[in-house]
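In case you want the letters, here they are:
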Amino acid sequence: KSIPFEDILIIKLREKYIGKVLNKKGIVASIKSLIVTGNFIVEIEGIINVEYLVELIVFNPTNGDILIGFIESCNSSGILVNCDICKVFIDKSKLPDNSNFVEMSSTWFWDLGDNRFYYDKGEKVKVKIVDVVYREFVEEKNIIKDIDNNNRNSDEIMIINGSFNQSGLGPI
């Protein structure tokens, strides 16, 4: 049984776009619809070019959004939280007062009175988005146009910064 052309097109679009950042739009989460508007064949080369319209569902986090994720890693600069569709970086300045880093175990903790709370890898947390930065990819040079000062991966197009520095945020 052959696969319908539209199904093949959706599979190829998913491979290309799902989980990728559309510059200054967000992260593509899903394909909502596909309408083939026409097609034509370039007979000399045997290539089929297809015109289509596609509706995408895009995750576009904004300042103030609250996300739930899991602590992926910690370093002296802060905490990286994996929220499935995106990663959020919490700079050390966005942790509660009296937060400290233990170099030997790569762990952050927060002292509140006589209690000590650890931010452990794999722990479920609530994070508030405080900033979303889109960086430009310059394809012909295969580089990203600005410098990242947060010791994060240099190949990130969209950087989401968050905070634990508010009541109700952090481990849940």
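Details of the structure are given in the entry above.
Predicted, not measured: the structure shown is a model, and the values here were computed from it.

Asks: Run through the state of the cysteines, naming residues and quoting values.
Replies: Per the stated rule, a full pass over the model turns up 0 disulfides. Here Cys 86 stays unpaired: no disulfide links it, and the sulfur of Cys 83, its closest cysteine neighbor, is 4.9 Å away. For Cys 86, a relative accessible area of 5% corresponds to the buried category.

Asks: An account of the pairing of strand β7 (residues 99-102) is requested, with residue identities and associated values reported.
Replies: By the bridge criterion, 4 bridges tie β7 to strand β8 (residues 107-112) in an arrangement that is antiparallel. Looking at the pairing, Asn 100 lines up with Phe 109 of β8. Hairpin geometry of β7 and β8 is characterised by an intervening segment of 4 residues between the two adjacent antiparallel strands and by a positive phi of about 50° at Ser 106.

Asks: Break down the environment of Phe 117 for me, citing the residues and quoting the values.
Replies: Checked against the element boundaries, Phe 117 lands in strand β9 (residues 115-119). Phe 117 sits 54 residues away from Pro 171 along the chain, and the two C-alpha atoms are 8.8 Å apart. Discounting residues that sit within four places of it in the chain, Phe 117 has contacts with Trp 108, Phe 109, Trp 110 and Leu 112.

Asks: Describe the nonpolar core, with residues and values.
Replies: Of all hydrophobic cores here, the largest spans 21 residues; its most connected members are Ile 79, Val 88, Ile 90 and Phe 164. Secondary structure elements with two or more residues in this core: β4 (66-75), β5 (78-82), β6 (87-91), β10 (124-134) and β13 (158-163). Ranked by residue count, the leading element in this core is β10, at 5 residues. Apart from the residues within four sequence positions on either side, Ile 90 is in contact with Ser 77, Gly 78, Ile 79, Val 81, Leu 95, Val 127, Gly 162, Ser 163 and Phe 164.

Asks: Which residues make up the sheet that holds β9, and what values do they have?
Replies: Taken together, 3 strands build an open sheet; the order of strands is β7-β8-β9 and the sheet is antiparallel. Only two strands of the sheet have a single neighbouring strand rather than two, namely β7 and β9. Averaged over all adjacent pairs, the angle separating strand axes in this sheet is 30°, with direction ignored.

Asks: So what's going on with the pairing of β13? Which residues, and what values?
Replies: β13 sits mainly inside the fold: 6 of its 6 residues count as buried. Covered by surrounding structure in β13 are Met 158, Ile 160 and Gly 162 together with Ile 159, Asn 161 and Ser 163, the residues of both alternating faces. In terms of strand pairing, β6 meets β13 through 3 bridges, oriented parallel. Paired with Phe 89 across the two strands is Asn 161, which belongs to β13. Where β10 lies against β13, 6 bridges are found, and the strand directions are antiparallel. The residue of β13 that forms the bridge with Tyr 134 is Met 158.

Asks: Explain the packing of aromatic side chains residue by residue, including any values.
Replies: Tallying each qualifying case throughout the model produces 4 aromatic pairs. Taken together, a centroid distance of 5.4 Å and an interplanar angle of 50° make the contact between Phe 101 and Trp 108 tilted. Judged by centre distance (5.7 Å) and plane angle (40°), the ring pair of Trp 110 and Phe 117 falls under tilted. In this structure Trp 110 comes out as partly exposed when scored by relative accessible area, which is 23%. Under the relative-accessibility criterion, Phe 117 is labelled partly exposed at 37%.

Asks: Mind laying out the environment of Tyr 118, listing which residues take part and the relevant values?
Replies: Among the structural elements, Tyr 118 can be located in strand β9. A sequence separation of 11 residues divides Tyr 118 from Thr 107, and the C-alpha atoms of the two residues are 7.2 Å apart. Ignoring any residue separated from it by four or fewer positions in sequence, one finds Tyr 118 in contact with Thr 107, Trp 108, Phe 109, Glu 123 and Pro 171.

What counts and how
- Residues numbered from 1 in each chain as written.
- Predicted model: local features only at pLDDT ≥ 70, side-chain atom pairs only at ≥ 80, totals over all residues.
- Heavy atoms only, no water.
- Disulfide = S-S within 2.5 Å.
- Buried < 20%, exposed > 50% of the residue type's maximum accessible area, 1.4 Å probe, protein only.
- Pairing = 2+ DSSP bridges.
- Helix = DSSP H or I, 4+ residues; strand = E, 2+ residues; numbered from the N terminus.
- Contact = heavy atoms within 4.5 Å.
- Core = buried A, V, L, I, M, F, W, Y, C linked by side-chain atoms within 4.5 Å.
- Axes fitted to C-alpha atoms, helices over the stretch in contact; angles between N-to-C directions.
- Phe/Tyr/Trp six-rings, centres within 6.5 Å; stacked < 30°, edge-to-face > 60°.

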